[in-house]
Amino acid sequence: MESAILLNQGNLEEIRNRVPVPNYERSTNNMGIVHIGVGGFHRAHLAYYLHQLKNSDVTTPWSICGISLREADKKIFDILKKQDHLYTLMIKHPDGHIEPEVIGSIVDFEMATTDSECVIARIAHADTRIVSLTITEGGYNFNPTTGEFNFDNSDIQYELAHPNNPKTIYGFLTAALKRRRDADLPAFTILSCDNIEHNGDMARKMLLSFAEEQDRDLANWIANEVTFPNSMVDRITPVTTSDDIEKLARNFGVKDNWPVTCEPFIQWVVEDKFANGRPDLEKVGVQFVPDVGPYEKMKLRLLNAGHSVLGILGAIHGHQTINACIEDELFKSYLRTFLDQEATPILGPLKGIDLEAYKNSLLERFANPNIKDSVSRICSESAAKLPKFLIATIHENLADGGSIKLATLVIAAWCYYSDKQINQNGQPIEIIDAMHIALHDAAKETKGDPLAFIKQELLFGGLSENKRFANTYSTLVQKLYKVNNIQKMMKEIL
Ligand code: CS2
């Protein structure tokens, strides 16, 4: 292969001979969608769907303006700017083959930390008809046990006092929506694409709590005019590695400084509640349904919870990737038993969905040997994820008299992992979690008080007072601290 060609708009025609590139005009006029949180997932999912739509119908007017609210995104901002917001999606198939494609649906990007006025103006602009979000589970600012808005957050306090100087999505959205209302412009749709059950309802509740505190009339206007479809999003998107960047240059001749890798599978199920129009995404396979609830619950409690089960147990064992966990028969059967015995019963029958087939396909997706999704990505921000993915299932099984032991071992393992921070081979585990200090502090009390970890009310609510859970947990955590061997514990439970 000749030397790699730098990815940018000017080089697209030359790159076309090497990998597929957009066949539509890219323009920043009338973008339609503002997306907050331009991480790998957005680039593999919404931006990919829209790219496909634009490729199949070049007259589609919609495109995306990305927005970041975090200084940490400066690197992706700079890279995308240099590449005219083009990037390569590398779809990794289980047989080892990689399907790269240059995606062109993102046409602009703004950093709120550099110019907050510009971001407010962009969201408030008459052309903006959808504001979509991938801000992670932690970004919604709710108390995980009460589900209420967290007014203790200092950024929230600051922006309530300084409405013209917002910091979080709540400050930006209210500032922009106020301008639209004052200018008599129609509202827009706020489209959550995060892994939270009833993600649209949650975004609505949080935004209205904030807005009511700031300006009651505005809150009423938002409640009546803005829509918040719930949606279930799915595509496994591992962290990009330097190896991916090199492979793209070496094997395909494209020099892209931040490609995105993902699995072939993709799914998006959305409620058709759009206040101000939407692209015809059903033409590229997006499912529009009246009630997304059952799909969301199924995906979060099977796929996301399944990931966490493998991730936490795998991290202690020393597995580096999710596919390595699945190659290990013990982990594979532990996961399947958890899915069948603890997660499936609380789902009840799901109309039109074959749960057996769904679970089989999950195991196949996790096993994709080419994907190499890291255990560290899965374990990151567990404090924001586990209450929704796993602890909710424990609550429901306690209420129904269902089995809890497999999920409870994962909680005991989470405590052990937060305390020790090394795996069974003695290698350090880097804990990436906004709550890592609190988790470590609580976990290290376990020797004196076996229930110390589950007494963190923010994560577990009143669970430590539930006799059945407390007894199961206490037995498992003490035994794990004694035997220091996660496989032994897993075998005993199966
Ligand atoms: C993962 C998700 O980190 C995690 O929690 O389970 O990022 C998962 O890969 C996606 O939700 C797949 O759609």
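Conventions we followed
- Residues numbered from 1 in each chain as written.
- Predicted model: local features only at pLDDT ≥ 70, side-chain atom pairs only at ≥ 80, totals over all residues.
- Heavy atoms only, no water.
- Core = buried A, V, L, I, M, F, W, Y, C linked by side-chain atoms within 4.5 Å.
- Buried < 20%, exposed > 50% of the residue type's maximum accessible area, 1.4 Å probe, protein only.
- Helix = DSSP H or I, 4+ residues; strand = E, 2+ residues; numbered from the N terminus.
- Domains from an automatic or database assignment.
- Contact = heavy atoms within 4.5 Å.
- Buried area = accessible area lost by both parts, 1.4 Å probe.
- Salt bridge = Lys/Arg side-chain N within 4 Å of Asp/Glu carboxyl O.
- Polar contact = N/O pair within 3.5 Å; in protein donor to acceptor, adjacent residues only side chain to side chain.
- Pairing = 2+ DSSP bridges.
- Axes fitted to C-alpha atoms, helices over the stretch in contact; angles between N-to-C directions.
- Near = heavy atom within 4 Å.
- Nonpolar A, V, L, I, M, F, W, Y, C, P; charged D, E, K, R; others polar.

Novice: Which residues make up the nonpolar core, and what are the values?
Specialist: In terms of nonpolar packing, the biggest core is built from 79 residues, with Trp414 and Tyr473 touching the most fellow members. Here the element with the most residues in this core is helix H11 (residues 293-317); it accounts for 12 residues. The residue makeup of this core includes at least three contributed by each of domain 1 (5-289) and domain 2 (293-493). Beyond its immediate stretch of four places on either side in the chain, Trp414 contacts Ile312, Ser382, Ala383, Leu386, Ile391, Leu439, Phe453, Leu459 and Phe460. By size, the runner-up hydrophobic cluster in this structure holds 44 residues, among which are Val107, Ala124, Leu173 and Trp221.

Novice: Break down the domain arrangement of the chain for me, citing the residues and quoting the values.
Specialist: Assigned domains of the chain: these are domain 1 (5-289) and domain 2 (293-493). Each of domain 1 and domain 2 has a C-alpha centre, and these two points are 29 Å apart. Contact with domain 1, which involves 35 residues of that partner, is made by 30 residues of domain 2. The junction of domain 1 with domain 2 conceals about 2500 Å² of combined surface from both sides, 59% of it contributed by carbon and sulfur atoms. Broken down residue by residue, the surface that domain 1 buries against domain 2 is led by Glu197, Met232 and Ile236, which jointly contribute 24%. For Glu197, the salt bridge identified is with Arg301, shortest N-O distance 3.2 Å. There are 11 residue pairs in polar contact (both at pLDDT 80 or more) connecting domain 1 and domain 2. For the side of domain 1 that touches domain 2, the elements supplying multiple residues, two or more each, are helix H8 (199-214), strand E9 (231-234) and strand E13 (287-289).

Novice: How would you sum up the sheet that holds strand E4 (residues 87-92)? Please name residues and give values.
Specialist: Here three strands make up an open sheet; going across it, the order is E5-E4-E11 and the pairing mixed. The open sheet terminates on both sides in strands that have one partner only, identified here as strand E5 (98-103) and strand E11 (260-262). With strand direction ignored, the average angle separating the axes of adjacent strands in the sheet is 25°. Strand direction decides the pairing type here: E4 and E5, joined by six bridges, are antiparallel.

Novice: So what's going on with the environment of Lys388? Residues and values would help.
Specialist: Within the element layout of this structure, Lys388 appears in helix H16 (residues 382-400). Sequence separation between Lys388 and Val58 is 330 residues; the distance between their C-alpha atoms is 40 Å. Excluding its chain neighbours within four sequence positions, the residues that come into contact with Lys388 are Phe142, Ile196, Met202 and Arg301.

Novice: I'd like a description of the site of the ligand, backed by residues and values.
Specialist: Close to the ligand lie 13 residues, the nearest being Asn195, Asp234, Lys299, His307 and Lys385. Interatomic distance of 2.7 Å between a side-chain N/O atom of His307 and an oxygen atom of the ligand. The set of elements that each furnish at least two residues to the shell around the ligand consists of E9, H11, helix H15 (375-379) and H16. Looking at the shell around the ligand residue by residue, the class counts come to five nonpolar, three polar and five charged. Mapped onto the domain boundaries, the shell around the ligand takes at least three residues apiece from domain 1 (5-289) and domain 2 (293-493).

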